[in-house]
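Geometric and topological summary
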Amino acid sequence: MSAFFSLLIQGFGTIQAKKLWVRTFSAGHGSMKVTVVGAAGKIGQPLCLMLKQSPLIDELCIHDLKPTTGLGLELNHIDTKCKVSAFSGKDNLQLALQHSKIVALMAGAPGADALPYDKMWEPNSLVVKEIMGEVARICPKALVAIGTNPVNSLVPMACEVLKKSGSYNPNGIFGITALDSVRANTFVAHVQGVEPECVMVPVVGGHSSETIIPVLSQAKPCAEFSNAEIENITASIRNAQGNIAKLKANESGQLASAFAAARFIISLVKALQGYPDIVESAFVNSKVHPFLKYLATPLLLGPLGVTKNFGLPKLSDFEQCMFDNAVPILANDIKKGEKSVGVFDPPPPCDPCAPPRVTPCPHDWCETKN
């Protein structure tokens, strides 16, 4: 009897495997397919594990230059609804992207994740530019979430690649900055003695240590902090990557990054499926500031991407000063991304009749025009 049941189980496993293969590669065009490019990386693997657990995703497609078959098989052993398909190599990228509703771009050049933020640009820009060219060809209507650094420059570059292909949706390209919000919520909760899940801190600006601006004055449920607490929390958020790197040699905060990226991508899934009141912060094409074509602010998400940009919340003097100092840095980061694809778009002209700015910070927007 045991031999009979053993054969029966083996046969059942074979049948199920065939069914799994068919279902994995024949998902309907209307199904929710999310593709993670760079899935075999240090952030990509835990990200895929978290996305596999979402009941809202029908197919999770994983792609990397490195082999992904083993990772795909292991993920498919997890007993959740989401089915996993695996592709590897440049030649199979277009197969991975077909019919994707959301593309999570986590790919980077080998070893780039161990470099300082400003040094990541040179190697990672080549990788992202090539991938975005394929996205423009294969799934131009997909929402694209870019988690590869430096986000401040790679998002403008990605948008220009899509513009040149004629498939640009200004509401559909996102730089993932959710990690900054996750850390802000955590650090504020620790100071206030409440559960992190109950805390919401707006984080605006960009996604580098000098451009991350946690708006603690608008934190909920409580925004009462001493000056020392404000300075310490702000420094902890801005220096978090560096602090982790000191303890994890040649590594960054992969697990926290994967968690934050998964949360943001699942919010995009919910928005595509018509869930109401989906609000997340991300680095996007923006008209909030006259000299910044891209900026991270809170967004209302919907089926077409950004439904409403809530803009900058009210800032305290300290936060305004940080923002003023971040503007020239962000402007240069954006220019770097645009120039890499041959775009030299000057900022709007300064108004000679405008009154002088009264600010504790030295920067003048007109400094960014050259």
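Quick caveat: nothing in here was measured; it's all calculated off a predicted structure.

In terms of regular secondary structure, the protein is built from eleven helices and eleven strands. Taking all 370 residues of the protein together, the buried fraction comes to 47%. Taking all contacts inside the protein whose residues are at least 6 apart in sequence as the whole, residues at least 24 apart take part in 69%. As displayed, the protein has an accessible area near 18100 Å², and 59% of this comes from carbon and sulfur atoms.

For the bond running from Asn 149 to Pro 150, omega is 5°, close enough to zero to count as cis. In this structure, Pro 150 sits in the loop between β5 (143-146) and α6 (151-165). For the bond running from Lys 220 to Pro 221, omega is 10°, close enough to zero to count as cis. Residue position: Pro 221 is located in the loop between β8 (212-214) and α8 (227-238).

This part takes up the pairing of strand β4 (residues 102-105). Where burial is concerned, the two faces of β4 agree: the one with Ile 102 and Ala 104 and the one with Val 103 and Leu 105 are both buried. Relative to β4, strand β1 (residues 33-37) is paired through four bridges, and the arrangement is parallel. Note on β4: the bridge partner recorded for Thr 35 is Val 103. Relative to β5, β4 runs parallel, the two being bridged by four bridges. Looking across to β5, one finds that Leu 105 is bridged to Ile 146.

Attention now goes to the nonpolar core. Counting residues in each nonpolar core, the largest one holds 43 residues, and the members touching the most others are Val 103, Met 132, Val 135, Val 155, Phe 283 and Leu 292. Only α4 (93-97), β4, α5 (121-138), β5, α6, β10 (292-302) and α11 (317-339) provide two or more residues apiece to this core. A per-element tally of this core places α6 first, with eight residues. Counting 41 residues, the second largest nonpolar core, distinct from the first, contains Ile 176, Ala 178, Val 182 and Leu 301.

For the protein, per-residue confidence averages 88 on the pLDDT scale, and 85% of positions sit at 70 or higher. Contacts for the low-pLDDT stretch residues 1-28, under 50 throughout, to residues beyond four places or in other chains number ten contacts. Within the model, the stretch residues 362-366 combines pLDDT values under 50 with twelve contacts to residues more than four positions away or in other chains.

All right, on to α5 then. Along its 18 residues, α5 runs 25 Å from first to last C-alpha, staying within 8% of the 26 Å computed at 1.5 Å per residue. When we look at burial in α5, the residues that qualify are Trp 121, Asn 124, Ser 125, Val 128, Ile 131, Met 132, Val 135 and Ala 136. Along the axis of α5, the buried positions cluster into a sector of 145°, meaning they face one direction only. Along α5, exposed side chains directed more than 90 degrees from the buried face belong to Glu 122, Leu 126 and Arg 137. Those residues of α5 hidden inside the fold are in contact with β1, α4, β4, β5, α6 and α11.

All told, the structure shown has five salt bridges when counted by the stated rule. A salt bridge links Asp 58 to Lys 81, with the shortest nitrogen-to-oxygen separation between them at 3.1 Å. In this pair, Asp 58 sits in the loop between α2 (44-52) and β2 (59-64) while Lys 81 sits in the loop between α3 (69-76) and β3 (83-88), placing the two residues 23 residues apart along the sequence. On the basis of relative accessibility, which here comes to 26%, the residue Asp 58 falls in the partly exposed class. Between Lys 90 and Glu 130 there is a salt bridge, with the nearest N and O atoms lying 3.7 Å from each other. Pair noted here: Lys 90 is in the loop between β3 and α4 and Glu 130 is in helix α5, with a separation of 40 residues, a long-range link. Given a relative accessible area of 42%, Glu 130 falls into the partly exposed group.

So, about the packing of helix α7 (residues 178-192) against helix α10 (residues 254-272). Close contact between α7 and α10 brings their axes to 8 Å; oriented N to C, the two are set at 110°. Between α7 and α10, the crossing angle belongs to the class labelled roughly perpendicular. Of the residues in α10, those touching α7 at Ala 178, Leu 179 and Val 182 are Ala 256, Ser 257, Phe 259, Ala 260, Arg 263 and Phe 264. Counted by class, the contact of α7 with α10 contains seven nonpolar, one polar and one charged residues.

In this fold, Asn 149 is placed in the loop between β5 and α6. Residues Asn 149 and Tyr 117 lie 32 residues apart in sequence; the distance between their C-alpha atoms is 7.1 Å. Among residues more than four places away in sequence, those in contact with Asn 149 are Tyr 117, Met 120, Asn 124, Leu 154 and His 207. A polar atom in the side chain of Asn 149 sits 3.4 Å from the backbone nitrogen of Val 151.

Rules of the game
- Residues numbered from 1 in each chain as written.
- Predicted model: local features only at pLDDT ≥ 70, side-chain atom pairs only at ≥ 80, totals over all residues.
- Heavy atoms only, no water.
- Helix = DSSP H or I, 4+ residues; strand = E, 2+ residues; numbered from the N terminus.
- Buried < 20%, exposed > 50% of the residue type's maximum accessible area, 1.4 Å probe, protein only.
- Contact = heavy atoms within 4.5 Å.
- Areas by Shrake-Rupley, 256 points an atom, 1.4 Å probe, with all protein chains shown as cover.
- Pairing = 2+ DSSP bridges.
- Core = buried A, V, L, I, M, F, W, Y, C linked by side-chain atoms within 4.5 Å.
- pLDDT = per-residue confidence, 0-100.
- Expected span 1.5 Å × (residues − 1).
- Arc of directions from axis to C-beta.
- Salt bridge = Lys/Arg side-chain N within 4 Å of Asp/Glu carboxyl O.
- Axes fitted to C-alpha atoms, helices over the stretch in contact; angles between N-to-C directions.
- Parallel < 35°, antiparallel > 145°, perpendicular 65-115°, else oblique.
- Nonpolar A, V, L, I, M, F, W, Y, C, P; charged D, E, K, R; others polar.
- Polar contact = N/O pair within 3.5 Å; in protein donor to acceptor, adjacent residues only side chain to side chain.

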